[in-house]
Amino acid sequence: STGVCSESTQGASFQCLTCLSSVATGWLLVLISSLVDIYFVFYLASAVVGGIMGHHRHLNDLKNTSLPIDLREHQGREASLFERTFGPGWQHVWRVMVRGLLAESLISPKQAQSLAQAA
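Scope of this entry: the structure provided in the associated data block. Per chain, residues are indexed from 1 in the order of the written sequence. Note on the predicted model: pLDDT of at least 70 is required for a residue's local features to be given, and 80 or more for side-chain atom pairs to be given and counted; whole-chain, interface and lining totals, by contrast, use all residues. Note that water and hydrogens are dropped before the side-chain values are worked out from all heavy atoms of the structure.

1. Topic: the overall build of the protein chain
This is how the line gets drawn: Secondary structure elements are taken from DSSP: a helix is a run of H or I of four residues or more, a strand is a run of E of two residues or more, and numbering for both begins at the N terminus. Relative accessible area decides the class of each residue, using a 1.4 Å probe on protein chains only: under 20% of the type maximum gives buried, over 50% gives exposed, and in between gives partly exposed. By the convention used here, residues are in contact when the closest approach between their heavy atoms is within 4.5 Å. Per-residue accessibility takes into account occlusion by the displayed protein chains alone, with areas from the Shrake-Rupley method and a 1.4 Å probe.
Each helix and strand in the protein chain was counted, giving five helices and zero strands. For the protein chain, the succession of helices and strands along the chain, N to C, is α-α-α-α-α. Expressed as a percentage of its 119 residues, the buried residues of the protein chain come to 15%. Counted over contacts in the protein chain with a minimum sequence separation of 6, partners at least 24 positions apart contribute 28%. Approximately 9,200 Å² of the protein chain is accessible, and the part contributed by carbon and sulfur atoms is 65%.

Next comes the structure, spelled out in structure tokens:
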């Protein structure tokens, strides 16, 4: 058996419009409540604020292994960025990042050793 709205002659009747609008309103209510959900708002705000803070601190492309880096003490651009961002102990942070890249198999052990020694 077919429903009232599936018949071609009843497509624009009051019954069909009432049914379709109630279903659409139900889905709209689900969408609005998901936007108001505290976890959704928290994660969205964390992503936006974290992205802005990282961009402001020039932390873009830190996991990109194809970019050239200059870690010379008091001369290199990346060395000064790391020191400004993480403080005088930035070499420890650098080594932790290198270990993370190695653990994620984004760099080879040979690359990890040379990067760790570069700082």
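2. As for the packing of aromatic side chains
Heads up, the condition is: Think of it this way: a Phe, Tyr or Trp ring, Trp meaning its six-membered ring, pairs with another when their centres are within 6.5 Å, and the plane angle makes it stacked under 30 degrees, edge-to-face over 60, tilted otherwise.
As enumerated under the stated definition, the model contains four aromatic pairs in all. Taken together, Phe 82, Phe 86, Trp 90 and Trp 94 form an aromatic cluster joined through their ring pairs.

3. Remarks on the pattern of salt bridges
The test is simple: What makes a salt bridge here is a side-chain nitrogen of Lys or Arg within 4 Å of a carboxyl oxygen of Asp or Glu, nothing more.
This model, assessed by the stated rule, comprises two salt bridges. Put simply, Arg 72 and Asp 70 hold a salt bridge, and the shortest N to O gap is 2.6 Å. Under the relative-accessibility criterion, Arg 72 is labelled partly exposed at 48%. Across the pair Arg 77 and Glu 78 runs a salt bridge whose closest N-O atoms are separated by 3.6 Å.

4. Here's the deal with the side chain of Gln 91
Here Gln 91 lies in helix H4 (residues 90-103). Ignoring any residue separated from it by four or fewer positions in sequence, one finds Gln 91 in contact with Glu 73 and Ala 119.

5. Considering unusual backbone geometry
If you check the backbone angles, Ser 105 has positive phi at about 60° while not being a glycine. By the secondary structure assignment, Ser 105 is in the loop between H4 and helix H5 (109-118).

6. Describing the environment of Glu 83
Structurally, the position occupied by Glu 83 is in helix H3 (residues 77-86). On the basis of relative accessible area, Glu 83 is assigned to the partly exposed category, the value being 31%. Separated by 10 residues in the primary sequence, Glu 83 and Glu 73 have C-alpha atoms spaced 9.6 Å apart.

7. Structural notes on the packing of H3 against H4
Applied cut-off: Each axis is a line fitted through C-alpha atoms, taken for helices only over the stretch in contact, and angles between the N-to-C directions span 0 to 180 degrees. For this classification, under 35 degrees means roughly parallel, over 145 means roughly antiparallel, 65 to 115 means roughly perpendicular, and everything else is oblique. Polarity classes work like this: nonpolar for Ala, Val, Leu, Ile, Met, Phe, Trp, Tyr, Cys and Pro, charged for Asp, Glu, Lys and Arg, and polar for all others, with Gly in that last group.
For the pair H3 and H4, the least separation of the axes is 9 Å and the interaxial angle reads 105°. For the element pair H3 / H4, the angle class is roughly perpendicular. Along the contact surface, H3 presents Ala 79, Phe 82, Glu 83 and Phe 86, while H4 presents Trp 90, Val 93, Trp 94 and Met 97. Each residue belonging to the contact of H3 with H4 can be placed in one class, and the counts come to seven nonpolar, no polar and one charged.

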